[in-house]
Amino acid sequence: MATLWDDLDSLVNSPSSFSATSGERGTIKAKADFDAGDDAVALRKAIEGLGTREKTLIDVLTRRSSAQRQLICAAYQEATGRSLEEDLRGDTHGDFEEVLVALVTPPAAYDCHEVARAMKGLGTADSVLIEIFASRSNQQIKALSEVYLEETEKKLTLDLKKEVSGQYSQALLLLAEGKRDESTTVDPEKAKEDAKTLYDAGEKKWGTDESKFIDILCHRSIPQLRQTLIEYKNISGKSLQQSIEGEMSGKLEELLVAIVKCVKSVPAYMAERLYESMKGGGTDEATLNRIMVSRSEIDLLDIRAEFKKLYSYSLHSAIESDCHGDYRKTLLKICGGDDDDS
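Residue positions are given per chain, counted from 1 along the sequence in the order it is written. pLDDT decides what is reported in this predicted model: residues at 70 or higher carry local features, side-chain atom pairs at 80 or more are listed and counted, and totals for whole chains, interfaces and linings draw on all residues regardless. The basis for every side-chain value is the complete set of non-hydrogen atoms in the structure, without hydrogens or water.

Participant: Hey, could you run me through the overall build of the protein chain in this one?
Facilitator: Every helix listed is a DSSP run of H or I at least four residues long, and every strand listed is a run of E at least two residues long, numbered separately from the N terminus. On a plain count of helices and strands, the protein chain comes out with 21 helices and zero strands. Radius of gyration: C-alpha atoms only; globule rule: 2.2 Å multiplied by the number of residues to the exponent 0.38. For the protein chain, whose C-alpha radius of gyration is 21 Å, the value lies close to the compact-globule estimate of 20 Å for 342 residues. Here the C-alpha coordinates of the protein chain stretch approximately 70 × 50 × 40 Å along the principal axes. Remark: exposure states derive from per-residue accessible area (1.4 Å probe, protein chains only) relative to the maximum for the residue type, with buried under 20%, exposed over 50%, and partly exposed in between. Expressed as a percentage of its 342 residues, the buried residues of the protein chain come to 52%. Should any heavy atoms of two residues lie within 4.5 Å, those residues are considered in contact. Summarising the internal contacts of the protein chain: among those between residues at least 6 apart in sequence, 72% fall at separations of at least 24. Computed with the Shrake-Rupley method and a 1.4 Å probe, the accessible areas treat only the protein chains shown as cover for residues. When the accessible surface of the protein chain is summed, it comes to about 15700 Å², and 49% of that surface belongs to carbon and sulfur atoms.

What follows is the structure, given as structure tokens:
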């Protein structure tokens, strides 16, 4: 895997998912001749008829944009006096139910619910928090924080503070504030200076000054960090990711590596997360759903391409062999195409 993450040559000019406009590289597009009322009627018939017609649920919910699905939810509520989410929960089951509910949940609310789920119960699902906060833009983080405040009447950063500790907590909380610099201008001298600071704080000394890594990786803009990664390799001879992996451990290492990977390529990072969610005996359906649904209108086409590049088979075929029934059908519709055919 090192080969992909060590390739910095194309880094500076490649597009970044942090600035992607919804719809550009997604697999789900807005339907042209869309009528929320008609869709609400079709869903109502599918749910209220004898036996749920799963095909209708899948076809309608995977072929409309998220904004259109929200209009369908409103039309459904108006026509039936019930919420579509509750009816889906009452009428479908298991993983199929979860992925349909994810599709009818607004993106910021879905992110918010995933963060809340990660903090719930004994222990914290750190990998979920790391994935979300390392890969989302300031705008997305602010939107999920607003939903959290609205739904719980608590500030997300205060609740996170109770769940995490140490320098990992410091870094995660900085990301959760959604205050990363958004400048698109790169300052080459600053990149050299930051690269030297990182080198002096890690590789060059006995012991590591993690605070320098946290400060730079959680504050600088994505274009600035891309240049810093190149300068770091020039100074150190190693990639910054290799240095972090060699110098640090535990959750702080996992978070900082995730940030570096997302700076390089969010789609490649997500492809890796999807692979991890399906490899081995069991499937991590929550991660599979979260990435497939939340990236479906942002960069799922790029994630598919990276998956094929990394693992030599398509994301489509991975889902096909790993999932079953209506759940599989839904994910394959979201996935869009099979890159093994091309």
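Participant: Looking at this structure, how should I read the nonpolar core?
Facilitator: For soluble globular proteins, the rule of thumb is that nonpolar side chains tend to be buried together. In this structure, Phe133 and Met292 are the most contacted members of the largest nonpolar core, which totals 96 residues. The dominant element in this core, judged by the number of residues it contributes, is helix 16 (residues 250–264), at nine residues. When near neighbours in sequence (up to four residues on either side) are disregarded, Met292 contacts Leu274, Leu300, Leu315, Ile319, Leu331, Ile334 and Cys335. We define the nonpolar core as a collection of buried residues of types Ala, Val, Leu, Ile, Met, Phe, Trp, Tyr and Cys that are connected through side-chain atoms lying within 4.5 Å of one another.

Participant: Is there a simple way to think about the packing of helix 2 (residues 36–48) against helix 4 (residues 66–80) in this case?
Facilitator: The packing of two helices is summarised by the inter-axis angle and the distance between the axes. Helix 4 packs onto helix 2 with a crossing angle of 65° between their chain directions and a minimal axis gap of 8 Å. Seen from above, helix 2 lies across helix 4 with right-handed handedness. Contacts between helix 2 and helix 4 involve Ala36, Gly37, Asp39, Ala40, Leu43, Arg44 and Ile47 from the former and Leu71, Ile72, Ala75, Tyr76, Ala79 and Thr80 from the latter. Amino acids are sorted into nonpolar (Ala, Val, Leu, Ile, Met, Phe, Trp, Tyr, Cys and Pro), charged (Asp, Glu, Lys and Arg) and polar (every other residue, Gly among them). For the contact of helix 2 with helix 4, a count of residues per class yields nine nonpolar, two polar and two charged. Here an axis means a line fitted to C-alpha atoms, over the contact stretch when the element is a helix, while the angle between two N-to-C directions is reported on a 0 to 180 degree scale. In this scheme, a crossing is called left-handed if the near helix is turned counterclockwise away from the far one by less than a right angle; it is called right-handed if the turn is clockwise.

Participant: Explanation requested: the environment of Met292 in the structure shown.
Facilitator: With respect to the secondary-structure elements, Met292 resides in helix 18 (residues 285–294). Using a relative accessible area of 0% as the deciding quantity, one classes Met292 as buried. Residues Met292 and Leu331, 39 residues apart in the sequence, show an inter-C-alpha distance of 7.3 Å.

Participant: How should I be thinking about the pattern of salt bridges in this particular structure?
Facilitator: Side chains bearing opposite charge may pair, as long as their charged atoms lie close to each other. Should a side-chain nitrogen of Lys or Arg be within 4 Å of a carboxyl oxygen of Asp or Glu, the pair is scored as a salt bridge. Counting across every chain of the model gives 30 salt bridges. Between Asp87 and Arg82 there is a salt bridge; the shortest N-O distance is 2.6 Å. Asp87 gets classed as buried once you look at its relative accessible area, which sits at 13%.

Participant: In this structure, what is going on with the side chain of Ser314? I would like to understand it.
Facilitator: With respect to the helices and strands, Ser314 occurs in the loop between helix 19 (300–311) and helix 20 (315–322). Excluding residues within four positions of it along the chain, Ser314 makes contact with Phe307, Lys308, Asp338, Asp339 and Asp340.

Participant: Can you help me understand helix 13 (residues 210–219) in this one?
Facilitator: Residues lying three or four places apart along an α-helix face the same way, a consequence of the helix completing one turn every 3.6 residues. Among the residues of helix 13, Phe213, Ile214, Ile216, Leu217 and Cys218 are the ones counted as buried. Residues of helix 13 that are buried in the fold lie against helix 11 (166–176), helix 12 (188–201), helix 14 (222–236), helix 15 (240–247) and helix 16.

Participant: I'm lost on unusual backbone geometry in this one. Help?
Facilitator: Outside of glycine, negative phi angles account for most residues, and trans bonds account for most peptide bonds. Positive phi values are uncommon outside glycine, yet Glu153 reaches one of about 60°. Within the secondary structure layout, Glu153 lies in the loop between helix 9 (138–152) and helix 10 (156–163).

Participant: Explain the side chain of Ser294 here, please?
Facilitator: Following the sequence through the fold, Ser294 ends up in helix 18. Of note is the side chain of Ser294, whose polar atom sits 2.5 Å from the backbone oxygen of Arg290. Ser294 has contacts with Arg136 and Asn289, leaving out every residue within four places of it along the chain. What qualifies as a polar contact is a pair of N or O atoms within 3.5 Å, subject to a donor-acceptor requirement within protein and to the restriction that residues adjacent in sequence count only when both atoms come from side chains.

Participant: I'm lost on the state of the cysteines in this one. Help?
Facilitator: Each disulfide consists of a covalent bond between the sulfur atoms of two cysteine residues. Two cysteine sulfurs form what is called a disulfide whenever their separation falls within 2.5 Å. Counted according to the given criterion, the structure contains zero disulfides. Cysteine Cys73 remains unbridged, with the sulfur of Cys112 as its closest cysteine sulfur at 17 Å. Residue classification places Cys73 among the buried positions, given a relative accessible area of 17%. The thiol of Cys323 is unpaired, and the distance to the nearest cysteine sulfur, on Cys335, comes to 11 Å. Overall, the relative accessible area of 3% leaves Cys323 in the buried class.

Participant: I'm lost on the packing of aromatic side chains in this one. Help?
Facilitator: Two measures describe an aromatic ring pair: the distance that separates the ring centres and the angle between the ring planes. Any pair of Phe, Tyr and Trp rings, taking the six-membered ring for Trp, is counted once the centres come within 6.5 Å. Such a pair is stacked with planes under 30 degrees apart, edge-to-face with planes over 60 apart, and tilted for the rest. By the definition in use, this model includes three aromatic pairs. Between Phe307 and Tyr313, the aromatic rings sit 5.7 Å apart at their centres with planes inclined by 80°, giving edge-to-face as the arrangement. When its relative accessible area of 1% is taken as the criterion, Phe307 is described as buried. According to the relative accessible area criterion, Tyr313 is partly exposed, its value standing at 32%.

Participant: Help me understand helix 8 (residues 126–135) in this model?
Facilitator: Taking burial as the measure, the 10 residues of helix 8 include nine buried ones, the bulk of the element. Taken together, the buried positions of helix 8 are occupied by Asp126, Val128, Leu129, Ile130, Glu131, Ile132, Phe133, Ala134 and Ser135.

Participant: Sorry if this is basic, but what is going on with the packing of helix 14 against helix 16 here?
Facilitator: Packing of helix 14 against helix 16 brings their axes to within 9 Å, and their N-to-C directions diverge by 100°. Between helix 14 and helix 16, the angle falls in the class roughly perpendicular. Facing helix 14, whose interface residues are Ile222, Leu225, Arg226 and Leu229, helix 16 presents Val260, Val263 and Lys264. Taken together, the residues of the contact of helix 14 with helix 16 break down into five nonpolar, no polar and two charged. Angles are sorted into four bins: roughly parallel if under 35 degrees, roughly antiparallel if over 145, roughly perpendicular if 65 to 115, and oblique for all others.

Nothing here speaks to function; it is all geometry.
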